[in-house]
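# Summary of structural features
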Amino acid sequence: MRSVLTIAGSDPTGGAGLQADLQVIRHFGCHGAAVVSALTVQDSIKVHQVLPVFPSVVLDQIRVLLRDTSPDAIKIGMLASDDVVRNVALGLASIGTELPRVIDPILFASSQVPLLERRAWPALIGLFEGAALVTPNLTEAEALSGKDCSTRRGCEASARVFLNEFGARAVLIKGGHRAVAADDLLAWVAEGEIQIRWLEGKRIEAAGSVHGTGCALSSAIAAGLACDESLEDAVEAARSFVRAGIERAVALGKGARFLGLPPTA
Ligand code: PLP
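Note that the structure is a prediction, hence the values are computed from the model and not measured. (Residues numbered from 1 in each chain as written. Predicted model: local features only at pLDDT ≥ 70, side-chain atom pairs only at ≥ 80, totals over all residues. Heavy atoms only, no water.)

### Regarding the pairing of strand S4 (residues 73–76)
Of the two faces of S4, the one holding Ala73 and Lys75 and the one holding Ile74 and Ile76 are both buried throughout. Pairing of strand S1 (residues 3–10) with S4, which is carried by 4 bridges, proceeds in the parallel orientation. Residue pairing for S4: threonine 6 is matched across the bridge by lysine 75. Bridge count for S4 against strand S5 (residues 101–103) is 3 bridges, and the pairing is parallel. (Buried < 20%, exposed > 50% of the residue type's maximum accessible area, 1.4 Å probe, protein only. Helix = DSSP H or I, 4+ residues; strand = E, 2+ residues; numbered from the N terminus. Pairing = 2+ DSSP bridges.)

In C-alpha cells:
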C-alpha cells in the first residue's frame, strides 16, 4: 500500500485540514500519515482561533516519522506561523525531489481569517523549491507572486514566477473563486521549457460555500503521485473528485457545506 504524509492543521469539523486530508487519501487507496502543524478552533461557520503547534514538536514529529517510514508523497497544508514553516523546511531538508511534495499555500480561510502569519510568506515561498506542485488559489497566487491574476495573461505571468523565481516544478492556479469561468491553470517545466495548459472548469451552482475543497484537491493529487500517476493524470482525477464532491456536498453544520465523498469501491 502506498502512503501519503500530510503536514497540516487540525480542523475539528473534519471538513478541511488534516482530518479531511486523511479521508481523501484513504479514498484514493493510500495509507494516510499526519503531522499536526496547528490546532484550530472552528465550526462550519468560521475559524475562531488558530494555535500553532510548538515548532520543535512539528520538527520532531517529522524527523521521528521519517526515520521509521518512507511516504510515497507529501502534502503540505496550513502551517500557521513562520517558526512552523521553518521547522517543516528543516524536517524535510534531507528529502530529495524524487519524493513528490504537493504544497497548498494556505494564507487565509474563506472567512478571510489569516491561517498563516504575514511574516511567514517568504519562508513558505522557500518551501516551493523543487516541489512537484504548488496549488494556490487566485488570491494566494496574486499575494505570493505580486501579479494581478484577474486575466489569463496575468495568471500565466504569476505561474512563471512560481516556476522561474520560486523553483517549483509545477503550479496549479485554481480559478474556483473567479466570477465567471472556474478554469484552472496548470503550468510545469519540461526539458527546460514552461508548458501551460488551461483546464476548463464549469461553475457549479451550489447554495453557499463548500468548505475544504483546496485541502481535498491537493491531497487527492498527492495520492495520485504516490501511486506513480503522471502530474496531469493526478490533477485531472483530483479535479473530477472535487467537482463530484461539490455536486453532492452535505450540510452537517449550520454554515458551509462539506464535500460529499463518493463511497469507496
Ligand atoms: N482550517 C484548516 C485547518 C485548513 O487547512 C483550511 C484550509 O484551507 C481551512 C480551515 C479553511 O478552509 P476553507 O477556506 O474551505 O474555509
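Once you've had a look at it, read on.
### Concerning the site of the ligand
Among the 13 residues in the neighbourhood of the ligand, the closest are listed as Gln42, Ser110, His211, Gly212 and Cys215. Between glycine 212 and the ligand, the recorded distance is 2.8 Å, taken from a backbone N or O atom to an oxygen atom. Protein contacts shield 88% of the accessible area of the ligand, which totals 390 Å² for the unbound molecule. Here the shell around the ligand is built from residues that sort into 6 nonpolar, 7 polar and no charged. (Near = heavy atom within 4 Å. Polar contact = N/O pair within 3.5 Å; in protein donor to acceptor, adjacent residues only side chain to side chain. Areas by Shrake-Rupley, 256 points an atom, 1.4 Å probe, with all protein chains shown as cover. Nonpolar A, V, L, I, M, F, W, Y, C, P; charged D, E, K, R; others polar.)

### Brief notes about the environment of glycine 212
Relative to the helices and strands, glycine 212 resides in the loop between strand S10 (210–211) and helix H7 (213–226). For glycine 212, a relative accessible area of 13% translates into the label buried. When the C-alpha positions of glycine 212 and aspartate 11 are compared, they lie 9.6 Å apart, and in sequence the two are 201 residues distant. Residue contacts for glycine 212: discarding those within four places in its chain leaves Gly15 and Ala16. (Contact = heavy atoms within 4.5 Å.)

### Some thoughts on the nonpolar core
Ranked by internal contacts, the top residues of the largest apolar core, which has 43 residues, are Ile7, Ile76, Leu79, Val88 and Phe128. Among all residues touching leucine 79, those that are not within four sequence positions of it are Ile7, Ser37, Val84, Val85, Val88, Leu115, Leu116, Leu124 and Leu127. Val4, Ala73, Leu133 and Ala226 belong to the second largest nonpolar core, which has 30 residues in total. (Core = buried A, V, L, I, M, F, W, Y, C linked by side-chain atoms within 4.5 Å.)

### Some thoughts on helix H5 (residues 138–145)
Burial in H5 covers these residues: Leu138, Glu140, Ala141, Leu144 and Ser145. The arc enclosing the buried residues of H5, seen along the axis, measures out at 165°, which places them on a common side. As for H5, its buried residues are in contact with helix H4 (121–127), helix H6 (152–165) and strand S7 (170–173). Where H5 begins, the capping side chain belongs to asparagine 137, and its oxygen is found 3.1 Å from the backbone nitrogen of threonine 139. Looking one or two places after H5, you find glycine 146, whose phi comes out positive at around 75°. (Arc of directions from axis to C-beta.)

### Looking at the packing of H5 against H6
The packing of two helices is summarised by the inter-axis angle and the distance between the axes. Closest axis-to-axis distance for the H5/H6 pair is 10 Å, and the angle between their directions is 60°. The orientation of H5 with respect to H6, classified from their angle, is oblique. In terms of crossing hand, the pair formed by H5 and H6 is left-handed. Across the interface between the two elements, Leu138, Ala141, Leu144 and Ser145 from H5 touch Cys155, Ser158, Val161 and Phe162 from H6. Its residues placed into classes, the contact of H5 with H6 shows 6 nonpolar, 2 polar and no charged. (Axes fitted to C-alpha atoms, helices over the stretch in contact; angles between N-to-C directions. Parallel < 35°, antiparallel > 145°, perpendicular 65-115°, else oblique. Left-handed = near helix turned anticlockwise from the far one by under 90°.)

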